[in-house]
Amino acid sequence: QVQLVESGGGLVQPGGSLRLSCAASGFTFSIYHMGWYRQAPGKQRELVARIGNGGSTSYVDSVEGRFTISRDNAKKTVDLQMNALKPDDTAVYYCNGMLGSKDYWGQGTQVTVSS
């Protein structure tokens, strides 16, 4: 059974940091491209950061330099370190694993940036 379980969300003040983690099981994690998406109320889901199965990374412009995605194939986890958080970062964050036609999603974790 495929599972992606996110953790680490919460309430943080502007300028603060959070680290999201996603634990994967039920598929060959190391060969999958992994990503973090987010969806704010009334907006479409957007790709925030992606890390390929070879370790290459990419980010949406709005988080470049503030967020860092990483993966640990031995632990089957993918993390998103979020620094200098802004109110516009408020959203539900989803972990995603993709390979060809296979597309897996976690249940999401809420991140709220507010004073």
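Residues numbered from 1 in each chain as written. Predicted model: local features only at pLDDT ≥ 70, side-chain atom pairs only at ≥ 80, totals over all residues. Heavy atoms only, no water.

Glancing now at the sheet that holds strand 3 (residues 18-25). Read from one edge of the open sheet, four strands run 1-3-8-7, paired in antiparallel fashion. Since the sheet does not close on itself, it has two edges, and those belong to strand 1 (3-7) and strand 7 (67-72), each with one partner. Neighbour to neighbour, the strand axes of the sheet diverge by 15° on average, direction disregarded. Relative to strand 3, strand 1 runs antiparallel, the two being bridged by five bridges. Within strand 3, the residue paired with valine 5 across the bridge is alanine 23. (Pairing = 2+ DSSP bridges. Helix = DSSP H or I, 4+ residues; strand = E, 2+ residues; numbered from the N terminus. Axes fitted to C-alpha atoms, helices over the stretch in contact; angles between N-to-C directions.)

Let's shift gears to the side chain of arginine 66. By the secondary structure assignment, arginine 66 is in the loop between strand 6 (57-59) and strand 7. By relative accessible area, which is 11% here, arginine 66 ends up buried. Discounting chain neighbours no more than four positions away, the residues touching arginine 66 are Gln81, Met82, Asn83, Ala84, Leu85, Lys86 and Asp89. (Buried < 20%, exposed > 50% of the residue type's maximum accessible area, 1.4 Å probe, protein only. Contact = heavy atoms within 4.5 Å.)

If you walk through the whole model with that rule in mind, you get five aromatic pairs. A ring pair is formed by phenylalanine 27 and phenylalanine 29, whose centres lie 6.4 Å apart and whose planes are at 45°; its orientation type is tilted. In this structure phenylalanine 27 comes out as buried when scored by relative accessible area, which is 10%. Note on tyrosine 32 and tyrosine 104: the rings are 5.6 Å apart at their centroids and 20° apart in plane angle, and the pair reads as stacked. In this pair, tyrosine 32 sits in the loop between strand 3 and strand 4 (33-39) while tyrosine 104 sits in strand 10 (residues 102-105), placing the two residues 72 residues apart along the sequence. (Phe/Tyr/Trp six-rings, centres within 6.5 Å; stacked < 30°, edge-to-face > 60°.)

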